[in-house]
Amino acid sequence: MLELLQNDLMGLVRSLIKMTCIIVPIMVILQLLKDYKILDKMAKKLSFISRFFNISENSIFPLLVGFFIGISYGAGVIIESAESGNMSKKDTFLVVVFLITCHAVVEDSGLFIALGANGWILVSIRVIVAIILTYIISRSYGVKEKTNLKEIKEKA
């Protein structure tokens with residue numbers, strides 16, 4: 001019994017070391033990207049995403065942060081952007097929809113790859129599903145409200 005517990009504990013320690021070796025460098029790199037405004041430059045170059053999802057360009061940075069770093073840190077950036085007025089309710093909603101489906105791609109994928117998963121399949125499926133879902137919702141966002149407003153005007 002003691003030997004089994006010892007083996008489990010050693011396995012846990014090895015897993016924690018692997019996770020730390022993956023997460024810490026990623027967090028350091030992403031902090032450097034943020035400090036040197038490289039993420040801001042990436043957001044400008046990726047402005048086509050804002051047109052595709054029908055969101056403002058101010059929404060790209062929170063989307064990138066959540067995509068690369070994770071939903072917790074991304075949520076902080078989303079809340080900050082929304083409270084400062086840089087993102088509309090629609091932008092906030094669509095970014096959250098995308099990130100619910102596809103967040104922390106680098107970090108999560110690194111962890112799953114370390115455990116033996118196929119990284120290309122994992123990342124591809126997550127990104128494709130997030131793009132399709134967000135696109136569909138972005139095109140149908142507000143349709144019901146417009147229909148109701150049209151019905152109200154017709155009745156008047």
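The structure presented is a predicted model; accordingly, all values stated were derived computationally and were not measured.

Asker: Before we go on, may I ask you to explain the pattern of salt bridges in this structure?
Answerer: Close approach of charged atoms allows side chains of opposite charge to pair. Within this structure, the stated rule accounts for 1 salt bridge. A salt bridge links Arg126 to Asp108, with the shortest nitrogen-to-oxygen separation between them at 3.8 Å. With Arg126 in helix 8 (residues 119–140) and Asp108 in helix 7 (residues 105–114), this residue pair connects regions lying 18 residues apart in the sequence. Assessed through its relative accessible area of 15%, Arg126 is described here as buried.

Asker: Hey, could you run me through the side chain of Ser109 in this one?
Answerer: Tracing the backbone shows Ser109 in helix 7. Given a relative accessible area of 5%, Ser109 falls into the buried group. One polar contact links the side chain of Ser109 to the main-chain carbonyl oxygen of Val105, over a distance of 2.6 Å. Excluding anything up to four places from it in sequence, Ser109 contacts Ala104, Leu122, Val123 and Arg126.

Asker: Where do I start with helix 8 in this structure?
Answerer: Every α-helix carries 3.6 residues per turn, so stepping three or four residues along brings you back to the same face. Across its 22 residues, helix 8 extends 32 Å between first and last C-alpha, which sits within 8% of the 32 Å expected from 1.5 Å per residue. Along helix 8, the residues classified as buried are Gly119, Arg126, Ala130, Thr134 and Ser138. Axial view of helix 8: buried residues confined to an arc of 80°, hence all on one face. Exposed side chains of helix 8 directed beyond 90 degrees from the buried face belong to Trp120, Ile125 and Ile136. Each element contacted by the buried residues of helix 8 is listed here: helix 3 (47–53), helix 6 (89–101) and helix 7. By the N-cap criterion, in which a side-chain oxygen at the helix start approaches the backbone nitrogen of a residue two or three places on, helix 8 is capped by Asn118, the distance to Trp120 being 3.0 Å.

Asker: Help me out: how do you make sense of the side chain of Asp91 in this one?
Answerer: Here Asp91 is to be found in helix 6. No salt bridge is formed by the buried Asp91; the nearest opposite charge belongs to Lys90, separated by 5.8 Å. At 2.7 Å, the side chain of Asp91 and the side chain of Ser56 are in polar contact. With residues near it in sequence (within four places) discarded, Asp91 still touches Asn54, Ile55, Ser56 and Ser59.

Analysis parameters
Residues numbered from 1 in each chain as written. Predicted model: local features only at pLDDT ≥ 70, side-chain atom pairs only at ≥ 80, totals over all residues. Heavy atoms only, no water. Salt bridge = Lys/Arg side-chain N within 4 Å of Asp/Glu carboxyl O. Helix = DSSP H or I, 4+ residues; strand = E, 2+ residues; numbered from the N terminus. Buried < 20%, exposed > 50% of the residue type's maximum accessible area, 1.4 Å probe, protein only. Polar contact = N/O pair within 3.5 Å; in protein donor to acceptor, adjacent residues only side chain to side chain. Contact = heavy atoms within 4.5 Å. Expected span 1.5 Å × (residues − 1). Arc of directions from axis to C-beta. Lys, Arg positive; Asp, Glu negative; His and termini not counted.

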